[in-house]
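# Examining the three-dimensional arrangement
Here is how the chains run, residue by residue.
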Amino acid sequence: MIKNYLKIALRNLVKNGTFSLINILGLSVGLSACMLIGLYLHYELSYDQFHDKGDRIARVVMEYKMGDSHSSINVTGTKVAPAFKRTFPEVENGVRMYKSELVVKYGEKQFSEPDFYYADSTFFDIFSFKLLQGNPAKALEGPYNVVLSESTAKKYFGDQDPLGKIIRINDTKDFTVTGVAADCPDNSQIKFDFLASFTSIPAARKEETWWNANWATFLLLKNKDSFNSLEAKIPGYMRSQFSKDEMNAGDYLTYHTEPFNKVHLYSEVESSFEPNTSIKYIYIFLAVALMILGIACFTYMNLTTAKATERAKEVGMRKVLGAMRKQLFWQFISESVILTFGSLLLAFALLYFELGPFNRLVERDLSMGVIFSPLNLLFISGVCVVIAVMAGSYPALILSGFQPLKVLKGTFKTSVSGLVLRKTLIIFQFSISVFFIIGTLVVKNQLAFIQNKKLGYNKEHVLVLPTDGKIVKQLSTIKSEFKASTSVLSVSGAYETPVSVNGSYSIWTEGMPVGKSNNIMALPADNDFIETASLQLVSGNPLTKADMGRIGNEDANNDYYYFTLNESAVKKLGWTNENAIGRKMNLGEGRNGEVKAVVKDFHFASLHQKIAPLVIFPDTYPNVIMVKLSGNNMPQAIDFIRDKWQVLAPHHPFSYRFMDDEYNNLYTTEMRTGTAFSIFAFLAIFLAALGLLGLATFSIQQRIKEIGIRKVLGASVGGITYLISKDFLKLVFVAVMIGSPAAYFTMKFWLEDFVYKADIAWWVFAVTGAGAMLITVLTVSWQAIKAALMNPVKSLKSE
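Bear in mind the structure is a predicted one, so any value in this text is a computation, not a measurement.

## Re the overall build of the chain
- Of regular secondary structure, the chain possesses 26 helices and 22 strands.
- In the chain, which comprises 799 residues, the share counted as buried stands at 52%.
- Once local pairs closer than 6 in sequence are excluded, the contacts in the chain between residues at least 24 apart make up 80%.
- Summed over its atoms, the accessible surface of the chain is roughly 36400 Å², and 58% of this surface lies on carbon and sulfur atoms.

Next up, the structure:
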């Protein structure tokens, strides 16, 4: 019996080749897209899940309020881990970490390493990174010890045993290799190539302090259920650490704990080591997968039910010959199963070719191997069975329920319910397509807004170079040598670029009670920063070399600072742009001076955040060098800078980035979303149009005699095309009316994450509606024109 089912099913699939091809192509594209998204979701949901003690590891977030400033940040002072371990019975252990980019040298090999971490000796007790060589309890115990990743050890030492080898860091300190760890998994926040002992950091940085927050802190709790009890104790404990004289009324410093393995998807505070992914985007991708699969399934259901009338006589004859309804039902279900699993095989082939480009899009290393695990194969097979039954059950029930007498007499007609179902499915398919098109346009419009937004500084043609102690000592010479090129407009040293300022300092100004202070964002930079960043001066004068000479004295008490404020800082302090000049203030620890300039507000964080008050203060120890170029002959200008660098800083490999790339990195998630929406909008339109094409083809076949008669009576090709197209256009118009409001409210919710955003313009809906109508006309008219051009004699002779 089963053999007979399969034989007849294959015959019918071959007989109706065009419709079978459309169904298989549509389902395979839908299934491959779903598997692709499934791989991405599996990867993201598995982030940091490999740690044996993962359910007991807590990430510590620092929250503070100083005056009008309130912030939650991903770093803490050095005191948190040791103090919490001593104080709270819930805490078993703790580790402090810091990530840096340093130059590593061994023999003739020298590289700039962006993934150089420092960590306490408890690191391997808390995290489950496998140590291939060395003692995990002692590898990070003493100063100037370092553990390398397996690939890094091979990079520097080849096949030699790396243990005990000496590597030089930043041409100033020698570190001993005490261990080799397996390469960190890709789905991990922590991806170190070098892991040095925390005690290697200079003594000034190891003092226990609640402030000077630079360190990522993680705690190992004794019990996975201790998060809530620890969280409840911390605020009271932190209040006891500060006297009334140390904190203004209403100000506070406290800490929160978050499950480490949920930081990547659920935390509103970024990871200390890489950008987070919001669980919101996981839900979006899941919804996209279901909608794409829905369109593919509905295309199949639509075409199969539409083809029902062509098989009416076959069903009638089978019933006359004794076939039972149950047998006919399983006959049609078997066809659906064969088609679905045939589509699955093609989907695997499509997935193979799609995976590479998709990996580049999402910057992940997804593997098809995950798909072929027994559990996942079972799940995919189950989904295909469900699709086959759901897609094939309605046609099977309808076809198997035909009355043979009516069918064989030729009085059978397609039911109204079947027609309504097919129209409903078309509306649903195009509603999803409209949703994706509008979503794509809104995301692209917001990204264009981000790119074209006047930021208050100029990010174009600015090279950003790293520094170290040796480079800082000859910064003046480097500036002079770089400026010898006519392509170099200005050079500045700063702790960080204006793209993203993260430093926070206490501030005291004249008129405030002694001992009281507020908190403010601040950026250390030299006297050329305003010119290099193209900031707009509102009042006062920019810093000069003479002003820079007032700091860096042997006796810090003799230092005198000239500060530059942005307009928001002036407003926060209750001044005006004019009367702020000359006001006395103190920033951080011992930086006494006065306000010398006010600059126009500029965006020193992403457009998700409102512009905050900011102080720019003079500093002679920059972390980066910014080189503003004219934009003419860029390759030659970079070659010139490279040549000068190799002469002036031969100990440091020449590496650079552009400031506009740094800015774009702030919106990586949004850019991925925009690209993904574009791809899935195309898929949705393709699948919907594919279904429409099949249905239009069938509809025309059913009306072929009508078309022939109309041509004989003088109907034009255009008139026949309009007659056939108008019914489909009405359905698509309804789809636009349904999909547009759904897309509007969804994208409005997405835009709420941005403080500065583009409005959802009316033209988005106009373009989408017009586009959907155009796709419908092109899809349907292609078949309609072919039918209208057919010889009416031939069409009237056909049955």
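## What about the nonpolar core?
- Counting residues in each nonpolar core, the largest one holds 122 residues, and the members touching the most others are Phe436, Tyr457, Phe529 and Leu535.
- Ranked by residue count, the leading element in this core is helix H9 (residues 279-306), at 15 residues.
- Discounting residues that sit within four places of it in the chain, Phe529 has contacts with Ser492, Ala494, Glu496, Pro498, Leu523, Leu535, Ile616 and Met626.
- With 24 residues, the next largest nonpolar core counts Ile57, Phe127, Phe129 and Phe260 among its residues.

## Re the pairing of strand S17 (residues 561-566)
- S17 sits mainly inside the fold: six of its six residues count as buried.
- Of the two faces of S17, the one lined by Tyr561, Phe563 and Leu565 and the one lined by Tyr562, Thr564 and Asn566 are each fully buried.
- In terms of strand pairing, S17 meets strand S20 (residues 614-618) through two bridges, oriented antiparallel. When the sheet's bridge partners are listed, Thr564 is paired in S20 with Ile616.

## What about the packing of helix H23 (residues 704-712) against helix H24 (residues 717-751)?
- The contact between H23 and H24 brings their axes to 10 Å, and the two run at 145°. Note that H23 runs across H24; the crossing there is right-handed. Of H24, the residues touching H23 (which contributes Glu706, Ile707, Arg710 and Lys711) are Ile720, Leu723 and Ile724.

## As for helix H5 (residues 150-157)
- Listed in full, the buried residues belonging to H5 are Thr152, Ala153, Tyr156 and Phe157. The arc that holds every buried residue of H5, seen down its axis, measures 105°, which confines them to one face.
- Packing partners of the buried residues in H5 comprise strand S3 (91-106), strand S4 (109-119), strand S6 (145-149), strand S7 (166-169), strand S8 (173-181) and strand S9 (194-197).
- Just downstream of H5, Gly158 is the residue with a positive phi angle, here 60°.

## Description of the confidence of the model for the chain
- Per-residue confidence for the chain averages 86 on the pLDDT scale, and 90% of its residues sit at or above 70.
- Averaged pLDDT values for the elements of the chain fall to 56 in helix H6 (residues 203-206) and rise to 98 in S6.

## Observations concerning the packing of aromatic side chains
- Per the stated rule, a full pass over the model turns up 51 aromatic pairs.
- Centroid distance Tyr144 to Phe175: 5.3 Å. Interplanar angle 90°. Geometry classified as edge-to-face. One end of the pair, Tyr144, is in the loop between strand S5 (131-133) and S6; the other, Phe175, is in strand S8, and 31 residues separate them in sequence.
- On the numbers, 6.1 Å between centres and 10° between planes, the contact of Tyr561 with Phe563 is stacked. In terms of burial, Tyr561 and Phe563 fall into one category: buried.
- Within the aromatic cluster, the residues linked to one another by ring pairs are Tyr98, Tyr106, Phe111, Phe116, Tyr118, Tyr144, Tyr156, Phe157, Phe175, Phe194, Phe198 and Trp215.
- For Lys262, the ring lying beneath its charged end belongs to Tyr266, and the centroid distance is 5.8 Å.

## Observations concerning H23
- Within the span of H23, buried status applies to Ile704, Ile707 and Gly708. The arc enclosing the buried residues of H23, seen along the axis, measures out at 100°, which places them on a common side.
- Positioned one or two residues after H23, Gly714 has a phi angle of 105°, which is positive.

## As for a nonpolar patch on the surface
- Taken together, the side chains of Phe733, Val734, Met737 and Ile738 define a hydrophobic patch exposed on the protein surface, amounting to about 370 Å² of accessible area.
- Mapped onto the fold, Ile738 is located in helix H24.

## Here we look at the pattern of salt bridges
- A full pass over the atoms with the stated rule returns 25 salt bridges.
- Where Lys470 meets Asp171, a salt bridge forms, and the shortest distance between an N and an O atom there is 2.3 Å. Placement of Lys470 in helix H15 (residues 469-473) and of Asp171 in the loop between S7 and S8 is noted, with a sequence separation of 299 residues between them.
- Here Asp171 falls in the partly exposed class, since its relative accessible area comes to 24%.
- Note that Lys596 is salt-bridged to Asp547, the shortest N-O span being 2.4 Å. In this pair, Lys596 sits in strand S19 (residues 591-599) while Asp547 sits in helix H18 (residues 545-548), placing the two residues 49 residues apart along the sequence.
- Residue Lys596 is classed as buried on the basis of its relative accessible area of 18%.
- A relative accessible area of 8% places Asp547 in the buried class.

## A few points about unusual backbone geometry
- We note that Asn170 has phi near 55°; this positive angle belongs to a residue other than glycine.
- By relative accessible area, Asn170 is classed as buried at 16%.
- The phi torsion at Asn633 lies on the positive side, around 50°, for a residue other than glycine.

## With respect to the side chain of Ser740
- Considering the arrangement of structural elements, one finds Ser740 in helix H24.
- A polar atom in the side chain of Ser740 sits 2.7 Å from the backbone oxygen of Val736.
- Other than its neighbours up to four places away in sequence, Ser740 contacts Val434, Ile438 and Phe765.

Quick notes on the rules
Residues numbered from 1 in each chain as written. Predicted model: local features only at pLDDT ≥ 70, side-chain atom pairs only at ≥ 80, totals over all residues. Heavy atoms only, no water. Helix = DSSP H or I, 4+ residues; strand = E, 2+ residues; numbered from the N terminus. Buried < 20%, exposed > 50% of the residue type's maximum accessible area, 1.4 Å probe, protein only. Contact = heavy atoms within 4.5 Å. Areas by Shrake-Rupley, 256 points an atom, 1.4 Å probe, with all protein chains shown as cover. Core = buried A, V, L, I, M, F, W, Y, C linked by side-chain atoms within 4.5 Å. Pairing = 2+ DSSP bridges. Axes fitted to C-alpha atoms, helices over the stretch in contact; angles between N-to-C directions. Left-handed = near helix turned anticlockwise from the far one by under 90°. Arc of directions from axis to C-beta. pLDDT = per-residue confidence, 0-100. Phe/Tyr/Trp six-rings, centres within 6.5 Å; stacked < 30°, edge-to-face > 60°. Lys NZ or Arg CZ within 6 Å of the ring centre and 35° of its normal. Patch = residues over 30% accessible without salt bridge, like charges linked within 9 Å, V, L, I, M, F, W, Y side chains within 5 Å. Salt bridge = Lys/Arg side-chain N within 4 Å of Asp/Glu carboxyl O. Polar contact = N/O pair within 3.5 Å; in protein donor to acceptor, adjacent residues only side chain to side chain.

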